[in-house]
Structures are given as C-alpha cells and as structure tokens.
Amino acid sequence: MGPRPSDSATAPPEFLRLAAHPLRWRLLTELADGDFRVRELVERVGEPQNLVSYHLRLLRDGGLLTARRSSFDGRDSYYHLDLEHCAEALAASGTALHPALSQAPAPPRRPVTPERSHRASVLFVCTGNSARSPIAEALLRHHSAGRVTTASAGTSPKPHLHPHAVRVLRESFGIDLSGRHTRHVDELAGRRFDHVITLCDRAREVCPEFGPRRVHWSMADPGAAGDTGRADFAAFQQAAADIDIRIRHLMPVLNTPETFARSEP
C-alpha cells in the first residue's frame, strides 16, 4: 500500500467548508441577491442576531464577504457578497478535486432573444444622479447592447453629471455621456420597472416604489471627496470598476426567463 495522504491533502477546500454549513449557505444565497444589513439578514434567515453575526464573521474572514459602513446610519454596516472571489474559489475547488475540472467551460449565458415579448427594464437610483447611477445605467446599456431598457435618477439630483463620471466612462469603456442631464425620481412617476437598484444608502431609504423587485448595492460616493484632483478621479475609476463587476453579474439574472415571470406585476 502507498503512503496515506496527509490531513491537509484530504481536507476539503476552504470555500466548500465555509459554504457547506446550512446557515452560511443561506446567508450566501441571500447576499447573492444584493447587499443587506445584519438585522435584515436576521429577519430573512430567521435566526438569532448573535448566531448570524458569528457566521457572517467567518464568511468575511474567508474572503467571501465584505462590509461597509452605511452612509445613512453609521451604526449599520452593509454586507456584500464578493461574487468574483466566489467564482475563483469555486474554480479552485474543482481543480482540487481533479485537474481536468479547471478547464471546464463556463455555462453559456442565455441571450435576450428578440422574440421575447417582455423586455427587461432596470432603474438605477442614487442621491445626486451625477455618478453612481448614471455610470450603472450606461454600463448596463453598453453590456446589453441596448436590449435592456435602462434608466437612472436621483432622489436629490445634482445640477449636472460629475465630470469625472463622464471621463471614466469615456476613457475606460468608450462610452460618451457628454450632454446627458441628471434627473429626479419624480420625473419617472407612474413608470414601472422590473428591477429597481439603489446604489446609495440614503437613497434606499426614500426611493419611491417603481416595481416589484428592488435590490440594494451599497456603494460609496466617489464624488464625496471633491470635484477635482487625481485622487478624486482614482475614486471614480474604482467605483466604475466595482459597478462594472456588479453589472456583469446582473446580466445573467436579467436574461433568465424565471426572472421575467417573477418580476411581472
């Protein structure tokens, strides 16, 4: 008989050990839908807060979650599932089982077919409608080639788009937003959207109802530090990159038929 493998060689990958726990898996699936505060996760999973906080800490220590202080109430933190890290961890777990699994192709993305009678619609909302929400709107329109109806608005819009938002979209994605104007959410009164995504903690608290499915992305305002300077532009580059990741993970959700059925009024 050959030598017995060491315990480290037979131990399951960290991602599997973390995700296999029923409560942690439930927390992961809840956070896959959007960002939540601890008390909201407690309500959704129906477990005591101290237990939920304990498992959130384990997931955070494992690199699967990040947390950010709420800009609405600094006593709260929003938890965010790092889907990019999850994808890498899943791939590494497959490779640990068998090297051939590292070559497994990603499942094909279901296209938005022209003959579909229902065209998905998405509204992005932040406070000023000068940076985060117009960046998200532009990136979704860009990635969907215009096949998804997109809009953005603010609960207290600025007079114009932040120049760094215009610049980062032009330089990083080849998107021209020059001449675009900000918009108040009141201008969309009466319209319905399949998905309403708030990107600002303050806007989440006051955003009107526009449809059946509402998701929150807790993101810092890249324009909060000022209007000029290289450091400020770096914040916009980071914000645009983070939003782009979220948009790319949103695309398969928009293209899933079950999503359309769930979003119908």
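In the block above lies the structure referred to throughout.
The paragraphs below set out a description of the structure included in this document. Numbering of residues starts from 1 in each chain and follows the order in which that chain's sequence is written. Owing to the predicted nature of the model, reporting of local features is limited to residues with pLDDT of at least 70; listing and counting of side-chain atom pairs is limited to 80 or more, with chain, interface and lining totals taken over all residues. As a rule here, side-chain values come from all non-hydrogen atoms in the structure, and water together with hydrogens is ignored.

### Concerning the sheet that holds strand 2 (residues 65–69)
Right, so step 1: Paired strands, as defined in this entry, are two strands with at least two bridges between them according to DSSP. Numbering of helices and strands starts at the N terminus; helices are DSSP runs of H or I of at least 4 residues and strands are runs of E of at least 2. The strand order across the open sheet formed by three strands is 1-3-2, and the pairing between neighbours is antiparallel. Strands with a single pairing partner mark the edges of an open sheet, and in this sheet they are strand 1 (36–37) and strand 2.
Right, so step 2: Here strand 2 pairs with strand 3 (residues 77–81) via five bridges, running antiparallel. Pairing of L65 across the sheet is with L81, part of strand 3.

### Comments concerning the packing of helix 3 (residues 22–31) against helix 5 (residues 49–61)
Right, so step 1: In this analysis, axes come from line fits to C-alpha atoms, helices being fitted only over the stretch in contact, and the angle between any two N-to-C directions falls in the range 0 to 180 degrees. For the pair helix 3 and helix 5, interaxial distance at closest approach is 10 Å and the crossing angle is 75 degrees. Between helix 3 and helix 5, the crossing angle belongs to the class labelled roughly perpendicular. Contacts between helix 3 and helix 5 involve L23, R24, L27, L28 and L31 on the former and, on the latter, L51, V52, H55, L56, L58 and L59.
Right, so step 2: As a working rule, the residues Ala, Val, Leu, Ile, Met, Phe, Trp, Tyr, Cys and Pro are called nonpolar, Asp, Glu, Lys and Arg charged, and the rest polar, with Gly in that last group. By residue class, the composition of the contact of helix 3 with helix 5 is nine nonpolar, one polar and one charged. These descriptions rest on fixed angle ranges, namely under 35 degrees for roughly parallel, over 145 for roughly antiparallel, 65 to 115 for roughly perpendicular, and the rest for oblique. We call two residues contacting when some pair of their heavy atoms lies within 4.5 Å.

### Here we look at the side chain of E137
Right, so step 1: In this structure, E137 sits in helix 7 (residues 132–143).
Right, so step 2: Setting aside residues up to four positions removed in sequence, E137 forms contacts with F124, T150, A151, S152 and R180.

### Remarks on helix 5
Right, so step 1: Between its first and last C-alpha, helix 5 extends 18 Å over 13 residues, near the 18 Å set by a 1.5 Å rise per residue.
Right, so step 2: The classification of residues rests on relative accessible area computed with a 1.4 Å probe and restricted to protein chains. Under 20% of the type maximum is buried, over 50% is exposed, and intermediate values are partly exposed. For helix 5, the set of buried residues is V52, H55, L56 and L59. All buried residues of helix 5 lie within an arc of 105 degrees about the axis, which places them on one face of the element. Every exposed residue of helix 5 that faces more than 90 degrees away from the buried side is listed here: N50 and D61.
Right, so step 3: Its buried side turned inward, helix 5 meets helix 2 (14–19), helix 3, helix 4 (38–45), strand 2 and strand 3.
Right, so step 4: Backbone geometry just after helix 5 places G63 at a positive phi near 85 degrees. Every helix has an expected span of 1.5 Å times one less than the residues it contains. The arc under discussion is defined with respect to the helix axis, by the directions toward the C-beta atoms.

### Some words on the pairing of strand 7 (residues 213–216)
Right, so step 1: Bridge analysis of strand 6 (residues 195–198) against strand 7 gives four bridges, and the strand direction is parallel. If you follow I197 over to strand 7, its bridge partner there is V215.
Right, so step 2: For the handedness criterion, the β-α-β arrangement of strand 6, helix 9 (residues 201–206) and strand 7 is classed as right-handed. Here is how to tell: hold the view so the strands point away, follow the path from the first strand over the helix to the second, and if it runs clockwise the crossover is right-handed.

### A few points about the environment of S156
Right, so step 1: With respect to the helices, strands and loops of the structure, S156 is situated in the loop between strand 5 (149–154) and helix 8 (163–173).
Right, so step 2: Of the residues examined, S156 reaches a relative accessible area of 45% and is grouped as partly exposed.
Right, so step 3: Along the sequence, S156 and G128 sit 28 residues apart, while their C-alpha atoms lie 5.3 Å from each other.
Right, so step 4: Each residue touching S156, except ones within four places of it in the same chain, is listed here: T127 and G128.

### As for the sheet that holds strand 5
Right, so step 1: Pairing is parallel across the open sheet formed by four strands, whose spatial order is 5-4-6-7. Either end of the sheet is taken by a strand with one partner, and the two such strands are strand 5 and strand 7. Each neighbouring strand pair of the sheet contributes to a mean axis angle of 20 degrees, computed without reference to strand direction.

### A short note on the side chain of S93
Right, so step 1: With respect to the secondary-structure elements, S93 resides in helix 6 (residues 83–97).
Right, so step 2: Leaving out residues up to four positions away in the same chain, S93 has contacts with P13, F15 and L16.

### Concerning the nonpolar core
Generally speaking, soluble globular proteins have nonpolar side chains that are buried together.
Right, so step 1: The biggest cluster of nonpolar side chains holds 30 residues, and the ones touching the most others in it are F124, L140, W217 and I247.
Right, so step 2: Top contributing element to this core by residue count: helix 10 (residues 230–254), with eight residues.
Right, so step 3: Among buried residues, those of type Ala, Val, Leu, Ile, Met, Phe, Trp, Tyr and Cys that are joined through side-chain atoms within 4.5 Å constitute a nonpolar core. If you look at the next biggest cluster of nonpolar residues, it comprises 21 residues, including A19, L27, L65 and A89.

### Comments concerning the packing of aromatic side chains
Right, so step 1: Two aromatic rings from Phe, Tyr or Trp, using only the six-membered ring of Trp, form a pair when their centres are within 6.5 Å; if the ring planes differ by under 30 degrees the pair is stacked, by over 60 it is edge-to-face, and anything between is tilted. Scanning all chains against the criterion turns up two aromatic pairs.
Right, so step 2: Look at F124 and W217: their rings are 6.0 Å apart centre to centre, the planes differ by 50 degrees, and that puts the pair in the tilted class. Residue F124 is located in strand 4 (residues 121–126), and its partner W217 is located in the loop between strand 7 and helix 10; the two are separated by 93 residues in the primary sequence. There is no split in this pair, since F124 and W217 are both buried.
Right, so step 3: Over the ring of F233 we find R167, and its NZ or CZ is 3.6 Å from the ring centre. Counting as a charge over the ring demands two things of the Lys NZ or Arg CZ atom: a distance within 6 Å of the ring centre and an angle within 35 degrees of the ring normal.

### Thoughts on the layout of surface pockets
Right, so step 1: As a volume, the second largest pocket reaches approximately 240 Å³.
Right, so step 2: Buriedness of a pocket was judged along seven lines, with at least five required to meet protein on both sides within 12 Å; pockets are open sets of points on a 1 Å grid over the protein atoms alone, cavities are sets where a 1.4 Å probe fits but cannot get out, and lining residues have an atom within 4 Å of a point. In terms of lining, the second largest pocket is formed by F15, W25, L28, T29, A32, L81, L83, C86, A87, L90 and H249.
Right, so step 3: Of all the secondary-structure elements, those providing two or more residues to the lining of the second largest pocket are helix 3 and helix 6.
Right, so step 4: Per-element tally for the lining of the second largest pocket: the top contributor is helix 6, with four residues.
Right, so step 5: Residue classes in the lining of the second largest pocket are distributed as nine nonpolar, two polar and no charged. Grid points are joined across faces, edges and corners, and a volume is the space filled by probe spheres set on the points.

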